[in-house]
Amino acid sequence: MSRMGDVLAGFHAAWEFESDSVLIRYERGIRAPKLFQALGERRVPLEAIAGVTLTRGKRGTVVLRMEPRPGADPLMEAAAGQLKESGDPYRLVLPADREVLAEYYADELRALLTESGPVDRFLVKPPEGPLSFKAYDGKATFDGRTVNFRWFWTGASSAKWKAGDQSFSVGELNGVEWRSPEVFEGHLRLLRRDAGTPGVQADQDPAAVVFGLGYGPVHESLPFAAAVLAAVRTSSPVAAVPAPRRDPADIAERIRHLGELHQAGLVTDEEFSVKKAELLSEL
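Remember, it's a predicted structure, so these values are computed and weren't measured experimentally. (Residues numbered from 1 in each chain as written. Predicted model: local features only at pLDDT ≥ 70, side-chain atom pairs only at ≥ 80, totals over all residues. Heavy atoms only, no water.)

Draft legend 1. Representation of helix α5 (residues 218-233) within the structure. Over its 16 residues, α5 extends 22 Å from the first C-alpha to the last, a length consistent with the 22 Å expected when each residue adds 1.5 Å. Most of α5 sits inside the fold, with 13 of its 16 residues counted as buried. (Helix = DSSP H or I, 4+ residues; strand = E, 2+ residues; numbered from the N terminus. Expected span 1.5 Å × (residues − 1). Buried < 20%, exposed > 50% of the residue type's maximum accessible area, 1.4 Å probe, protein only.)

Draft legend 2. Structural view of unusual backbone geometry. Put simply, Gly129 and Pro130 share a cis peptide bond, and its omega is 0°. Inspection of the secondary structure assignment puts Pro130 in the loop between α3 (99-110) and β8 (131-134). Unlike most non-glycine residues, His12 shows phi in positive territory, near 75°. Among the secondary structure elements, His12 is positioned in the loop between β1 (6-9) and β2 (13-17). On the basis of relative accessibility, which here comes to 24%, the residue His12 falls in the partly exposed class. Residue Ala80 is not a glycine yet carries a positive backbone phi of 50°. Among the structural elements, Ala80 can be located in the loop between α2 (74-79) and β7 (91-95). Of the residues examined, Ala80 reaches a relative accessible area of 54% and is grouped as exposed.

Draft legend 3. Fine view of the sheet that holds strand β13 (residues 187-192). Strand order across the open sheet formed by three strands is β12-β13-β14, with antiparallel pairing between neighbours. The two strands at the open ends of the sheet, each matched to only one other strand, are β12 (173-179) and β14 (208-210). Ignoring which end each strand starts from, the neighbouring axes of this sheet average 10° apart. One ladder, built from six bridges, connects β12 with β13; its direction is antiparallel. Bridging across to β13, Leu173 finds its partner in Arg192. In this fold α5 packs onto β12 and β13, with an angle of close to 160° to the strand it touches most, β12. (Pairing = 2+ DSSP bridges. Axes fitted to C-alpha atoms, helices over the stretch in contact; angles between N-to-C directions. Contact = heavy atoms within 4.5 Å.)

What follows is the structure in structure tokens.
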């Protein structure tokens, strides 16, 4: 290939060509897509690339794009084709006067690619944790082993308040379902090994958080989903990890809100008693 360490810089990103990979460094400037800023840089092994294309772009540009092999990148697997073109981390946009140079690198890269089919393991590293983001109805956190959902009393449904805050070890999960916040009913749902196909709306499912205007943006929720998906694929089923004991003030606030649901008729007498006992037991 071209000399090791050669760099091709474009708008919002630069590709550094190595003997066995391409290192993508994303611009952190204010005009760069927020997803690029969040990713920082990514190393893409040559074995993870199915092909390379060069096309004419908009307003006097050309676009060099690597095509990842199906199953090679947890970020693209979680995105499931929902990313906008401008947010595609495998696109490098360059001025049209650099087309000849871009074609040179594309040809050099193509010559080294030997595989194009699906892979059964992730070849590109997932975003690093710990990760967190605010959804409309709760805060999601992930430490590499456990996903936690803590509900917001201003946004969570009564069904989620009845279920209480949730904690899922990756060994309990079978995958994730990410629906972009830029479309209707955006959400992140955890797919549990023993739950089958989800049969309820995300706003009623304690294994899901819902997005909304300003909540769960792509640059926060997608890397989160990718990190969880990668951890799930490399884990073995394990018993659920008990949730840690909570702050007494937090328990008191949740009991107060539970009482409001009870008074409003959204929680039955029996449900109120059972849930209140559960909360008190966590002190």
